[in-house]
Amino acid sequence: GDSILNLDKLTYSGNLENLASVKGNTNYSFVRGDIGDRALVNKILGEFKPQAIVNFAAETHVDRSVVDPNSFVQSNVVGTTNLLLESLDYWRSLEEEKKRQFRFHHISTDEVYGTLGFEDAPFTEETAYSPNSPYSASKASSDHFVRAFHETYGLPTLISNCSNNYGPRQFPEKLIPLMILNAIEGKPLPIYGNGKNIRDWLHVNDHCDAISTILKKAVPGESYNVGGNCEKNNLEVVGAVVKILDKECPRSDGKSYSEQITFVKDRPGHDLRYAIDASKIKKELRWSPSFNFDQGIRDTVLWYLNNEEWVRNVKNGSYQDWIKQNYEER
Ligand code: DAU
């Protein structure tokens, strides 16, 4: 029953088709714009008067941050700080009860903690920040600004640090959709380094459910790690995708898609392992992930196979340029 206003700059990975199902709802509205545009944000806050702001806006792709760190500083650090400044002014203008209820929830990443060895204990909320890529450095910086706005000005902030998301509608620069689409197009499946790097896979619906739980239940100033309890190395993930494709959409020559796996030059500064200790959110807010990876990855592969038009539309000129830039010289 809540009203939602969605502010999105619609950069290369933004896609209004992803919101087609809610477009007509009377309690949903969309504004195209930048979180860093203070005049626009000021106007929206004054008119819409939100009870909460959830900041999903960010440049998120590690490989792109290696090529162009500045755009990450601009969106993730400057953009978030501008959004915080306008949120603070707005929050200060609210009457006491509304002020008490207001939340600024910042969506962040487990990458701020740096990397783990194979035997290390998973990241907790107490793990020291140690970002290794320009992307994670920009997210770490934005987390610090959010925290500082709580400590310095009392803004009721929340932070969640999630692990690798997967599911339908993910832009095909990320591992899973890239592998699905490359496979069916007969292209190489490019594994960076030796494929032993580990990620903790979280279904996007579980992530959204965790965000909603944190918004409803958490005390301002807190941060929560959100993970899928699902550590897998990249070869295991690609192996799972290949197995589903071999069954659901077999190659015309009868061979397995695994023939297309190609080991390519590693990502610079490639973090070896991320793993999340999500016991805080489980204990304090009674949240844990409900998706099973085998089912989640199957549904995801089938979604991409069944949504050819969506796939065609996202693979426009700028996507092709990126694929050329990132993979041609590897
Ligand atoms: O951990 C949360 C993070 O997960 C998010 O904060 C980031 O926004 C998100 O992009 C993701 O970061 P990763 O770098 O882990 O995701 P990516 O899908 O790019 O890569 C996953 C793993 O697969 C990583 O070890 C690199 C590897 N990889 C990726 C690509 C695109 C390959 O081996 N080949 C590839 O072509």
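Computed from a predicted structure; not experimentally measured. In this numbering scheme, every chain counts its residues from 1 along its sequence in written order. Note on the predicted model: pLDDT of at least 70 is required for a residue's local features to be given, and 80 or more for side-chain atom pairs to be given and counted; whole-chain, interface and lining totals, by contrast, use all residues. Based on all heavy atoms of the structure, the side-chain values leave hydrogens and waters out of the count.

**Q** For this particular structure, what's the right way to read the layout of surface pockets?
**A** To find leftover empty space, a probe the size of one water molecule is rolled over the atoms. Cavities and pockets were defined on a 1 Å grid built over protein atoms only: a cavity is a set of grid points that admits a 1.4 Å probe from which the probe cannot escape, a pocket is an open set flanked by protein on both sides within 12 Å along at least five of seven lines, and lining residues are those with an atom within 4 Å of any such point. Grid points are joined across faces, edges and corners, and a volume is the space filled by probe spheres set on the points. What the second largest pocket holds in volume is close to 290 Å³. Considering the residues around the second largest pocket, the lining is formed by 17 residues, among which Tyr 129, Arg 147, Ile 159, Gly 221 and Ser 223 are closest to the centre. Think of it this way: any DSSP run of H or I at least four residues long counts as a helix, any run of E at least two long counts as a strand, and we number them from the N terminus. When contributions to the lining of the second largest pocket are tallied by element, the ones reaching two or more residues are helix H5 (134-153) and strand S5 (157-162). At 5 residues, the largest contribution of residues to the lining of the second largest pocket is made by H5. Classifying every residue of the lining of the second largest pocket gives 5 nonpolar, 6 polar and 6 charged. Under the scheme applied, nonpolar residues are Ala, Val, Leu, Ile, Met, Phe, Trp, Tyr, Cys and Pro; charged residues are Asp, Glu, Lys and Arg; polar residues are all the others, including Gly.

**Q** Which parts of the structure should I look at to understand the sheet that holds strand S3 (residues 52-55)?
**A** The strands making up a sheet are joined through hydrogen bonds of the backbone, oriented either antiparallel or parallel. At least two DSSP bridges between two strands are required for those strands to pair. Strands sit in the order S3-S4-S5-S9 across an open sheet of 4 strands; the sheet is parallel. Across the chains shown, the open sheet's two edge strands, defined by having one partner strand only, are S3 and strand S9 (223-226). Adjacent strand axes in the sheet meet at a mean angle of 20 degrees, parallel and antiparallel pairs treated alike. Against the sheet, helix H7 (residues 204-217) touches S3, strand S4 (103-109), S5 and S9, its axis set at about 145 degrees to S4. Comment: axis = line fitted to C-alpha atoms, over the contacting stretch for helices; angle = value between 0 and 180 degrees taken between N-to-C directions. Residue contacts are counted whenever heavy atoms from the two residues lie within 4.5 Å of one another.

**Q** In this structure, what is going on with the pairing of S4? I would like to understand it.
**A** For a regular strand, side-chain orientation follows a simple rule: the groups alternate between the two sheet faces. Along S4, 7 of the 7 residues are buried, which leaves the element largely enclosed by surrounding structure. Burial of the side chains of S4 extends over both faces: Arg 103, His 105, Ile 107 and Thr 109 are buried on one face and Phe 104, His 106 and Ser 108 on the other. Sheet topology note: the S3/S4 ladder contains 4 bridges and is parallel. Paired with Val 54 across the two strands is His 105, which belongs to S4. As for the winding sense of the linkage, the β-α-β connection from S4 through H5 to S5 is right-handed. We call a residue buried when its accessible area falls under 20% of the maximum for its residue type, exposed when it is over 50%, and partly exposed in between, using a 1.4 Å probe and counting protein chains only. A crossover gets the label right-handed when its path from the first strand over the helix to the second runs clockwise, viewed with the strands pointing away from the viewer.

**Q** Honestly, the site of the ligand in this entry has me stumped. Any pointers?
**A** Note on terminology: near, applied to a residue and a molecule or strand, indicates that one of the residue's heavy atoms is within 4 Å of it. Among the 24 residues in the neighbourhood of the ligand, the closest are listed as Thr 109, Asp 110, Tyr 135, Arg 267 and Tyr 327. Arg 199 places a polar side-chain atom, nitrogen or oxygen, 2.7 Å from an oxygen atom of the ligand. Distance and chemistry together define a polar contact, namely a pair of N or O atoms within 3.5 Å, with one atom able to donate a hydrogen and the other to accept it when in protein, and with adjacent residues in sequence counting only for side-chain atoms on both sides. Take Asn 234: an N or O atom from its side chain is 2.9 Å from an oxygen atom of the ligand. If the ligand stood free it would expose 690 Å²; the protein chains cover 96% of that surface. Among the secondary structure elements, those contributing two or more residues to the shell around the ligand are helix H6 (175-184) and strand S7 (189-192). Broken down by element, the shell around the ligand gets its largest block of residues, 3 residues, from S7. Accessible surface area values rest on a Shrake-Rupley calculation with a 1.4 Å probe, where residue burial reflects the displayed protein chains alone.

**Q** Just to check I follow, could you spell out the sheet that holds strand S8 (residues 198-203) for this structure?
**A** Spatially, S6-S8-S10 is the arrangement adopted by the 3 strands of the open sheet, whose pairing is mixed. Each edge of the open sheet is held by one strand with a lone partner, namely strand S6 (164-166) and strand S10 (231-233). Within this sheet the neighbouring strands show an average axis-to-axis angle of 50 degrees, counted without direction. Across 3 bridges, the pairing between S8 and S10 is antiparallel. Note on S10: the bridge partner recorded for Ile 198 is Asn 233.

**Q** Explain the packing of aromatic side chains to me, please; I cannot follow it from the model alone.
**A** Given two aromatic rings, their pairing is described by the distance between the two centres and the angle made by the two planes. Stacked, tilted and edge-to-face are the three classes assigned to paired rings of Phe, Tyr and Trp, where Trp is represented by its six-membered ring and a pair needs centres within 6.5 Å; plane angles under 30 degrees give stacked, over 60 edge-to-face, the rest tilted. Scanning the entire structure with this criterion turns up 14 aromatic pairs. Joined through ring pairs, the aromatic side chains of Tyr 113, Phe 123, Tyr 129 and Tyr 274 make up one cluster. Charges are assigned to positions over rings by a cutoff of 6 Å between ring centre and Lys NZ or Arg CZ, combined with an angular limit of 35 degrees from the ring normal. The positively charged end of Arg 64 is found above the aromatic ring belonging to Tyr 12, 3.6 Å away from the centroid. A cation over a ring is seen here: Arg 64 above Trp 322, with NZ or CZ 4.5 Å from the ring centre.

**Q** Would you take a moment to explain the pattern of salt bridges for this structure?
**A** Side-chain pairs of opposite charge can arise whenever the charged atoms involved come near each other. A carboxyl oxygen of Asp or Glu within 4 Å of a side-chain nitrogen of Lys or Arg is what we treat as a salt bridge. Inspection of the entire model under this criterion finds 12 salt bridges. Across the pair Asp 63 and Arg 267 runs a salt bridge, and its minimum N-O distance is 2.7 Å. Of this pair, Asp 63 sits in helix H2 (residues 62-67) while Arg 267 sits in the loop between strand S11 (261-264) and helix H9 (279-285), placing them 204 residues apart in sequence. Exposure remark for Asp 63: the relative accessible area of 3% places this residue in the buried category. A single network of salt bridges, built from pairs that share partners, joins Glu 185, Lys 187 and Lys 315.

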